Each structure stands twice: as C-alpha cells, then as structure tokens.
Amino acid sequence: MTAESQTAAAPVRQPVLHRLDQAIERAGRCLLDLQSPQGYWNGELEADTTLESDYILFQLWMDPPAPGGPWRPRAWDRIQEAARYIRERQTASGGWSIYPGGPDNLSASVKAYFALKLAGATPEQPHMKAACQRILELGGIERTNSYARIYLSFFGLYDRDRIPSIPPELILLSPSAYLNIYEMSSWTRAIVVPLSVLWALRPQRPVPDGFHLEELHTPQQEPPQPGFFWMVDHLLKLLERSGFLPHRREALQKCEQWILERFENSDGLGAIFPSMLNSILALHALGYHTDHPVLARAIRQLENLVIREGGTLRLQPCFSPVWDTAIAAYGLGVAGFHDHPGMARAAQWLLTKEVRRPGDWAVKSPGVEPGGWYFEFANEFYPDIDDTAMVLLALRYAAAPDDEAQAAAERRAVHWILAMQSKNGGWAAFDKDNNRQILNEVPFADHNAMLYPPCADITGRVVEGLCAMGLRNHPAVARGVEFLRRTQEPDGSWTGRWGVNYIYGTCFALRGLRAAGVNPREARIIQAGEFIRSYQNADGGWGESCASYDDPGQKATGPSTASQTAWALMALFAGGDYATVSVQAGVEYLLRTQDEDGRWEDSSFTGTGFPRVFYLNYHLYAQYFPLMALAEYRARPTRVSL
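The rules behind the values
- Residues numbered from 1 in each chain as written.
- Predicted model: local features only at pLDDT ≥ 70, side-chain atom pairs only at ≥ 80, totals over all residues.
- Heavy atoms only, no water.
- Helix = DSSP H or I, 4+ residues; strand = E, 2+ residues; numbered from the N terminus.
- Expected span 1.5 Å × (residues − 1).
- Buried < 20%, exposed > 50% of the residue type's maximum accessible area, 1.4 Å probe, protein only.
- Arc of directions from axis to C-beta.
- Contact = heavy atoms within 4.5 Å.
- Salt bridge = Lys/Arg side-chain N within 4 Å of Asp/Glu carboxyl O.
- pLDDT = per-residue confidence, 0-100.
- Disulfide = S-S within 2.5 Å.
- Pairing = 2+ DSSP bridges.
- Phe/Tyr/Trp six-rings, centres within 6.5 Å; stacked < 30°, edge-to-face > 60°.

Asks: So what's going on with helix 18 (residues 475–487)? Residues and values would help.
Replies: An ideal rise of 1.5 Å per residue puts 18 Å on 13 residues; helix 18 measures up with 19 Å between its terminal C-alpha atoms. Residues Ala476, Val477, Gly480, Val481, Phe483 and Leu484 constitute the buried set of helix 18. The arc enclosing the buried residues of helix 18, seen along the axis, measures out at 155°, which places them on a common side. Residues of helix 18 that are exposed and point over 90 degrees away from its buried face: Pro475 and Arg486. Tucked into the core, helix 18 has its buried residues touching helix 16 (403–419), helix 17 (456–468) and helix 19 (502–515).

Below is the structure:
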C-alpha cells in the first residue's frame, strides 16, 4: 500500500464495533472451550518429519529384530505408522522439507529415506528412487548435519571416524573454564552430555540383515576442515585410538549423574524430544535395562509425545502448556473475559508450575532466589525468561484464589528476571550472557543452536512484563530499551528469534518500547510502522515464510496467516496506529477469515525452534493472537468504521 492510501479515509461498511464484538465473543468462547478442567491450555506443537524418523531409529535401537528374524509386532506396528506419516510428507521433488512449502532439506531427507527403507520400502520403488536421486543432488549422506551422521554411525551406517568428537570429559571442565558446557545453550547442553556418553562407549546396534545406505553415498570425500577446533577434533581421535584416557571413567560417571539429576521434577531430560531420546540411548548404553524404573519412566515420557491418528503416528517435540496458558489467559483478559471462572483456574494452575529450585541457570547466576516458569508440564532445571515474562503479563488479568501466594510468586519472578539480564542489556531464553560466539566453530555446532544470545523478541516481552509490574523507571528497563534501539535493523524491523521472523520480532520489540514509554513519534517507531505497512498483502493480511531466515530479501513476505496478521496489527498498535487503511484492512482480514466456531485455520509454521534448522506450528497461535489483536483494536483510542 502507498503512504497516500494508508492515510485516506476508509470506505464505510458495517460498523466495526458490532462485528468486533461478535468475533471477539466467538474467539473467546472457542478458546475457553479448549481449556482443560485443570485450568491449562495445551495446543499441539507440530514439527518436521525428523522426529518420526528418529522415532523409527529409536525402535531399531530398543527393539531390533533377531538376526535373520522378523520384527516384534509392537515395534513393527509403530514403525509402519510413523513411516506412513513420513511418506505422506514427501515433496514433489522427492525430498523432505523442514517446513511446509520449504525447499528439500538434506538431513531430513536422509533420515526419512533411512526410516522408510527400514520400514520395508525398497530402493526400486518410485518414491524411494526419487528420494535417493534428490539426496544425491543435495550432496549425499556425507553432507548431512553432524547429529544425523552420529545417529547413523551407531548402526554401522556411517564411518565413526568421520563424525565429530564429543568427549565426555567436557563435563569435567570447571564452570569458570572458557568453553565449559554451561557456555553452550541449554538445548545443546542437554543434547551433548548424553551424546558424549554414546560417543565414548561407541555402541554398535544391529540392523536387519542386508540393510545399508550405500546408495546415498557420493564419490566425493568430505573436504578437509581447517581451523583450531578441527585440529582439536583430530587430536581427540588420536587419543581415542591410543587408549590414553585417564579421566574417561570419571567423566562417564559424572555424565550419568548429571543426566539422572535432571530427570527429577522433569518430563525427561530437558523435557524436549532430542535430549529425551539421547538420554534414553545413553542410559541403555550404560547398562540400564528397559525394566529399570529410571529408564522405564524416561521411555514412557518419550512415548507421551506420540499422537496416533488415521493409521499414522507423529510426535510433538515437547508440550507447551505454560506458554499456551499464559498467552491464552492474557488474550482472554484483554478481551474482557477476566471474570470468567476459567481465568482463576488458569492462574491457580500457573502458580503450581512456579520453579522453586536452582537449575542450570544458577551456574551463571549464583545466589539468586529461584523463581519463574518453564515451557512444559514439568522442567524445573530449565525455567525460561520468555515464559516467565508472559506469565507475569497473564497474571495481570488472571487472579488465583490465594492473592498473597500469587503476589509472592510475582515478586520472585521479577527478581529472577532482573538477575537474568545479560551484560548487553538484553534478555535471552534460558541463561544470561550466552553469547560466546567461538562455540559456533566447534565441529558439532551445525545445528545453529549452540548459543541462545539475547534477542529482541524476548527483551521486548520482558520490558513489557516488567513495566506491567510497575518497573517502568527501573534501570534494567532502560538498559533493555537501549538494547532494542541498538538491535533495530536499518529498515526499521527487528529479527525474531523465537517466531517467524521480522514480523514477530518487530511486534514484540515495539510492544516493549511502548510499555517503557518511548514516544511513538520517534523516527525509529515511525520507521518500524512503515516497515510493517509496506509488506501488507493484497488480501489485507500479513505473512512471512521461514525462508526469510536464509534470505533476508524474503523478509515479511509470504501468504497471509492469522497469527502473523495479528502480530503485524499489534506492532502497528504499539506504534500508535489504529486508524490507517492498513490497520483497517488487517482487522477486516481477521474478521473475514474467522469461521463460525470462532477459529482461524493456519497450517503455516510460524514458530521458530532454531533458525534455518527447526521450525514449529503452534496450533493455538491462530487462536489467541488474533483474539489479542482484535481485542486491542476494540479498545483503541478512537473508533472508525470498516
């Protein structure tokens, strides 16, 4: 839209107030109908097919067929169900993508091919021929990421000498050491510790007779990798061959203890699929039998992530109840449902999930009283700052029966958040000052999640949360505002670390700046609004593909989605714009695309796990974010007509 059209008088249609009231009422009732009796919301969290492929690998590890014999029925049935789901998601070009409509991804495609072949597909079948050809076009099995090659090496399907070294001795490094495990992101840490056990023990698991992946190899050899860490990797392999490993036993014992400690008050290690899977494989390799209470519980927790439907099997990477509950309660509160009984149940449930014990975060923040919330049903070692800030915002509208308990939890959360601010003024996800960039050079850092540095979207939400708690004039808020000023892009946008992408980042950065009292007439705020308006689609909505992480030239471009349209509108509202044609067209898009039950359909992946590597579809994003946007528009300073 041109600047001229943005300021033109809007065409008068049906009065907006009546249509808004209807849409908000339907959306709110729909969301309340999705609330559990216990008070929480928990929408499905959808990811790519690498989870189902790894689940098939898990079946092969834990319940392999006897040599020359058939699979056990239970394992075979699960493999077939997961394989059907994988097969349904093969692209027209033969591979598998990591988000709908995305390009074929080599690692996902190799994993899927392995899984389908293990499930009984043959290389001669048309879909397998197409997959093999596409994999070779993308570079072959040699170019897959480190974790894919490591997993395949456990079954003799990839040369162990060509995978990155992950020595368990890493855990023996003091927290004050420059490259200790607590300088890694929490996700990487929980992945690497059990994986280091497997790397050291070098387990060799069986595969069915005659099974191989030779057709996926290329004649090319992996190019030599220069650099300090590759030299270290070469040295570590020499030490492995020599057998000179004086601290290996101690390191393995420490890794085992570390894993077992983090099983406590948690739905598995890190409560997320990859680390849960690795911990099960590590304990099994250490000699734990499947009937051991610890391992049996860990397996049950992994199985809880499985969804069976229509003869297929898919997995969620984790559960998201605290996140969903906080945003749903906040959206309902803004929409005027704060007196509904479901809001009190939500507040009470959230209070039961408050963290009251130190976790990994305490290594860098010793002596800080625990407080805050995690993302899942149980994950006490890993509360995160984003969830904690969102819960604080939700509790402005949702009141638990015990006012004093709620107030105490809020005070603890505020103190914890303040203690978790990084030196540069921003806030990250799980740890402060998690920004040692040299770690991105280690050989197994190709998953793009080695670090969780401070980011604009979390910092904006934290600033908004702290201001809602009355801390607008606190020095930490001022430092957060300066962080947001420094990280704004030249075109006025902000990148989104945990949501796709520039629309998400710009929305929550602007909301934080508004809460902190930044003048909406500042040039940077005006520029951010112009950025949002300039990418509006012809249908009135906004959309952005995950491709914008690979190519910033595609920022804020893509088919309209309900969640991203809501973020764009909330960004404009935060800049003081409630009346331009852009805003009115965006509101009209949400009103027009809502169904009679109050829902919006949105199959796009608008959540970010690891940029360029792993993306998510939060199934409730299309419910509570449009509700928030429409409710804020209804409460706008002036009324106009659509």
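Asks: Any chance you could break down the environment of Gly140 for me, citing the residues and the numbers?
Replies: On the secondary structure map, Gly140 appears in the loop between helix 6 (126–137) and helix 7 (146–153). With a relative accessible area of 0%, Gly140 lands in the buried category. Separated by 53 residues in the primary sequence, Gly140 and Val193 place their C-alpha atoms 28 Å from one another. When near neighbours in sequence (up to four residues on either side) are disregarded, Gly140 contacts Leu106, Ile135, Leu216 and Thr218.

Asks: Break down the pattern of salt bridges for me, citing the residues and quoting the values.
Replies: Using the criterion set out here, one finds 37 salt bridges in the structure. Note that Arg248 is salt-bridged to Glu169, the shortest N-O span being 2.8 Å. Here the residue Arg248 occupies a position in helix 10 (residues 248–261), and Glu169 occupies one in the loop between helix 7 and helix 8 (186–201), the gap between them amounting to 79 residues. Look at Arg248 and you get buried, because its relative accessible area is 11%. As a salt-bridge pair, Glu522 and Arg485 come within 2.9 Å of each other at their nearest N and O atoms. Here Glu522 is found in the loop between helix 19 and helix 20 (523–534), whereas its partner Arg485 is found in helix 18, with 37 residues between them in sequence. A relative accessible area of 21% places Arg485 in the partly exposed class.

Asks: Let's hear about helix 10: which residues, and what values?
Replies: Given a rise of 1.5 Å per residue, 14 residues ought to cover 20 Å, and the 20 Å separating the end C-alpha atoms of helix 10 matches this to within 8%. Where helix 10 is concerned, the buried positions are Arg248, Ala251, Leu252, Cys255, Trp258 and Ile259. Along the long axis of helix 10, the arc covered by the buried residues comes to 125°, so they all point the same way. Buried residues belonging to helix 10 abut helix 8, helix 9 (228–242) and helix 11 (273–285).

Asks: Go over the environment of Asp209 with me, naming the residues and quoting the values.
Replies: Within the fold, Asp209 resides in the loop between helix 8 and helix 9. As for Asp209 and Trp199, which are separated by ten residues in sequence, their C-alpha atoms are 24 Å apart.

Asks: So what's going on with unusual backbone geometry? Which residues, and what values?
Replies: Apart from glycine, the bulk of residues carry a negative phi angle, and the bulk of peptide bonds sit in the trans form. We note that Arg202 has phi near 50°; this positive angle belongs to a residue other than glycine. Along the chain, Arg202 falls in the loop between helix 8 and helix 9. The backbone of Asn265 sits at a positive phi, close to 50°, despite the residue not being glycine. Here Asn265 is to be found in the loop between helix 10 and helix 11.

Asks: So what about the confidence of the model for the protein? Which residues, and what values?
Replies: Averaged over every residue, the pLDDT of the protein is 93; residues scoring 70 or more account for 96%. Confidence drops under pLDDT 50 across residues 1–13; counting only partners more than four residues distant or on other chains, this segment forms 20 contacts.

Asks: Which residues make up the state of the cysteines, and what values go with them?
Replies: Defined simply, a disulfide is a covalent bond joining two cysteines at their sulfur atoms. Applying the stated criterion across every chain yields a total of zero disulfides. The thiol of Cys455 is unpaired, and the distance to the nearest cysteine sulfur, on Cys507, comes to 14 Å. The exposure class of Cys455 is buried, given its relative accessible area of 8%.

Asks: Residues and numbers for the sheet that holds strand 1 (residues 45–46), please.
Replies: Strand order in this open sheet of three strands is 1-5-4, and the pairing throughout is antiparallel. Whereas interior strands pair on both sides, the edge strands pair on one side only; in this sheet they are strand 1 and strand 4 (607–610). Relative to strand 5 (residues 614–618), strand 4 runs antiparallel, the two being bridged by three bridges. By the bridge assignment for strand 5, Phe610 is matched with Phe614.

Asks: How would you explain the packing of aromatic side chains if you had to name every residue and give the values?
Replies: Scanning all chains against the criterion turns up 33 aromatic pairs. Considering the side-chain rings of Tyr504 and Trp567, the 4.8 Å spacing of their centres and the 75° angle between planes classify their relative orientation as edge-to-face. Remark: Trp567 occurs in helix 21 (residues 562–574) and Tyr504 occurs in helix 19; sequence separation between them is 63 residues. The exposure class of Tyr504 is buried, given its relative accessible area of 0%. The class for Trp567 is buried, based on a relative accessible area of 0%. Aromatic side chains Phe573 and Tyr578 sit 4.9 Å apart centroid to centroid with 5° between the ring planes, which places their arrangement in the stacked category.

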